[in-house]
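# Observations on the three-dimensional arrangement
What follows is each chain in one-letter form.
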Amino acid sequence: MAELPILDIRGVGKIYELNGQKIEALRDANLVVRKGEFVCLIGASGCGKSTLLRIVAGFEVPTSGEALMWDKPVGGPAPDRGMVFQDYGLFPWLTVRQNIGFGPASRGLPRSEVRDTVERFVNMVGLTRFADAWPHQLSGGMKQRVAIARVLANDAEMVLMDEPFGALDAMTRERLQDELLDIWQRTRLTVLFVTHSIEEAIFLADRVVVMEPGPGRIASEHGIALPRPRDVASPEFNEVRRDLSARLHSHHARKAA
C-alpha cells in the first residue's frame, strides 16, 4: 500500500471577483507532496504560485477542488503548516526569543518546555548572541532566520515559503539557502518553496514544479537528481539549469502564441 502523502492538491481552482469581474487565478492544480520532500514552485508573476501556497496554508479557500493534508481537508491556518514570507512578519514589540516562543506559549505549553524549545531553535539558526535583540536591530538575513525558527518552534510539519530570500543581497541569500538545507536535512521537514529563480529552485529542491499564467496552472514537474551538496558552477548543474530554463520559456512561448 502506497504511503499517504502529507499534501494532496486535487483539481484546485481559484476565482477572485474584482470590480464585478471574475479573475481566474488558478485552474485545476494537482500536486502530491511526500513527507520530507523539498518542492519548489517556479514561474512568472501571476501564475498562481502564491495563491496555491495560501490555499495550502489555509489563508484562502479554493473555488473548486480541495487541498488535503494527511488526507483531511485544509480547513484554515494551523500550526502544522507554518508560513514564511519575504517581509519576515515578526512582531516588532517582541525580542528574538519572544518571537520564537510565541507559538509554543500560545498553545499553553509549560514554561520550561517553551524555554527549551526556544533555546533549541535559537541555536539551530545561529542567533544565540542576538536572542534578546529586537527585530529592528537585526539584519534582513537575521530576521528571516527568526521567521524560520518561529515556524519550526511551533511544531510545523510543513513549511510554506513565499520567496523568503527575495529581498536579500546575493551573499546573504546564498548563506541562508545553505542554512535552510542544513535545517531541512536535520529536521526532515516538508518544504513547499515559491521562487522566481531557476538556480535557487535547482539548488534547493528534490522536485521543481513549473507553473504558467493565464490562468495559473501547473505546467510540468521535474525531479532534480543532482547529489547534495550541489555546486552551481558544475557542468551537471548548468545542464539542468539550461534544460529547465528551456522548458519554462517554452511554456511561456506556447501561451503567448
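Computed from a predicted model, the values in this text were never measured in an experiment.

## Side note on the packing of helix α2 (residues 96–106) against helix α3 (residues 111–124)
Interhelical geometry of α2 versus α3 gives an angle of 135 degrees and a closest axis separation of 9 Å. Taken together, the axes of α2 and α3 lie oblique to each other. Between α2 and α3 lies a crossing whose hand is right-handed. On α3, the residues that touch R97, I100, G101, P104 and A105 of α2 are V114, T117, V118, E119, F121 and V122. Residue classes in the contact of α2 with α3 are distributed as seven nonpolar, two polar and two charged.

## Let's talk about the sheet that holds strand β2 (residues 21–33)
Sheet architecture is open: four strands sit in the order β2-β1-β4-β5, paired in antiparallel fashion. In the strand order of this sheet, the two ends are held by β2 and β5 (72–73), each with one partner. Bridge analysis of strand β1 (residues 7–18) against strand β4 (residues 64–69) gives five bridges, and the strand direction is antiparallel. Note on β4: the bridge partner recorded for D8 is L68. Where helix α1 (residues 49–57) meets the sheet, it contacts β1, β2 and β4, and its direction lies at approximately 115 degrees from that of β1.

## Description of the packing of helix α4 (residues 140–153) against helix α5 (residues 170–187)
Interhelical geometry of α4 versus α5 gives an angle of 20 degrees and a closest axis separation of 11 Å. In terms of their interaxial angle, α4 and α5 are classed as roughly parallel. Between α4 and α5 lies a crossing whose hand is right-handed. Facing α4, whose interface residues are G141, Q144, R145, I148 and L152, α5 presents T172, R175, L176, E179 and I183.

## A short note on α4
Over its 14 residues, α4 extends 20 Å from the first C-alpha to the last, a length consistent with the 20 Å expected when each residue adds 1.5 Å. Of all 14 residues in α4, twelve are buried; the element is thus mostly enclosed. Taken residue by residue, α4 has G141, M142, Q144, R145, V146, A147, I148, A149, R150, V151, L152 and A153 as its buried positions. Following α4 by one or two positions, D155 has its phi on the positive side, about 70 degrees.

## Here's the deal with the packing of aromatic side chains
Enumeration over the complete set of coordinates arrives at six aromatic pairs. Consider the rings of F38 and W184, whose centres lie 5.6 Å apart with planes at 80 degrees: the pair is edge-to-face. With a gap of 146 residues between them, F38 in strand β3 (residues 38–42) and W184 in helix α5 connect regions that are remote in the sequence. With respect to burial, F38 and W184 carry one shared label: buried. An aromatic cluster is defined as three or more aromatic residues linked by ring pairs; in this entry it consists of F38, F165, W184 and F193. Taking the ring centre of F91 as reference, the NZ or CZ of R150 above it sits at 5.3 Å. One Lys or Arg, R188, reaches over the ring of W184 and ends 4.6 Å from the middle of that ring.

## Quick notes on the environment of A225
Tracing the backbone shows A225 in the loop between β10 (217–223) and α7 (235–256). A sequence separation of 128 residues divides A225 from R97, and the C-alpha atoms of the two residues are 38 Å apart.

## Examining the UniProt feature "domain: ABC transporter" (unreviewed entry) in the protein
Mapped onto this structure's residue numbering, the UniProt feature "domain: ABC transporter" (unreviewed entry) falls at residues 7–238. Note that residues 7–238 is 33% helix and 28% strand, and that its end C-alpha atoms are spaced 30 Å apart.

## Section: the sheet that holds strand β6 (residues 81–84)
With mixed pairing, six strands are arranged side by side in an open sheet as β6-β7-β8-β3-β9-β10. Looking at strand neighbours, the two that pair on one side only are β6 and β10, the edges of this open sheet. Pairs of neighbouring strands in the sheet enclose a mean axial angle of 20 degrees, with direction left out of account. Where β6 lies against strand β7 (residues 158–162), four bridges are found, and the strand directions are parallel. Looking at β7, one finds that V84 is bridged to M161. Relative to β7, α1 is tilted by about 150 degrees, and along the sheet it contacts β3, β6, β7, β8 (190–194), β9 (207–212) and β10.

## Observations regarding the state of the cysteines
Two cysteines form a disulfide when their sulfur atoms are joined by a covalent bond. Counted under the stated rule, the structure contains zero disulfides. Unpaired in terms of disulfides, C40 finds its nearest cysteine sulfur in C47, a separation of 13 Å. The class for C40 is buried, based on a relative accessible area of 0%. Residue classification places C47 among the buried positions, given a relative accessible area of 0%.

Thresholds applied
Residue indices begin from 1 for each chain and proceed along its sequence in written order. Confidence filtering applies because this is a predicted model: local features only for residues at pLDDT of at least 70, side-chain atom pairs given and counted only at 80 or more, and all residues used for totals across whole chains, interfaces and linings. Neither water nor hydrogens contribute to the side-chain values; these are computed over all heavy atoms in the structure. With axes taken as lines fitted to C-alpha atoms, and helix axes fitted only over the stretch in contact, angles between N-to-C directions fall between 0 and 180 degrees. Where helices and strands are cited, they refer to DSSP runs of H or I of at least four residues and of E of at least two residues respectively, numbered from the N terminus. Roughly parallel here means an angle under 35 degrees, roughly antiparallel means over 145, roughly perpendicular means 65 to 115, and every remaining angle is called oblique. For any helix crossing, the convention is left-handed if the near helix is rotated counterclockwise from the far helix by under a right angle, and right-handed if that rotation is clockwise. Any two residues whose heavy atoms approach within 4.5 Å are treated as being in contact. Under the grouping applied here, Gly and all other residues not named as nonpolar or charged are polar, the nonpolar ones being Ala, Val, Leu, Ile, Met, Phe, Trp, Tyr, Cys and Pro and the charged ones Asp, Glu, Lys and Arg. DSSP calls a pair of strands paired once it identifies at least 2 bridges connecting them. The span expected for a helix works out to 1.5 Å for each residue beyond the first. A 1.4 Å probe rolled over the protein chains alone gives each residue an accessible area, and that area as a share of the maximum for its type sets the label: buried under 20%, exposed over 50%, partly exposed in between. Between 30 and 60 degrees the pair is tilted, below 30 it is stacked and above 60 it is edge-to-face, where a pair is any two Phe, Tyr or Trp rings, Trp via its six-membered ring, whose centres lie within 6.5 Å. Two conditions define a charge sitting above a ring: the NZ of Lys or the CZ of Arg must be within 6 Å of the ring centre, and it must be within 35 degrees of the ring normal. UniProt positions are given in the numbering used here, feature names are shortened, and annotations may be inferred rather than shown by experiment. By disulfide we mean two sulfur atoms from cysteines, separated by a distance within 2.5 Å.

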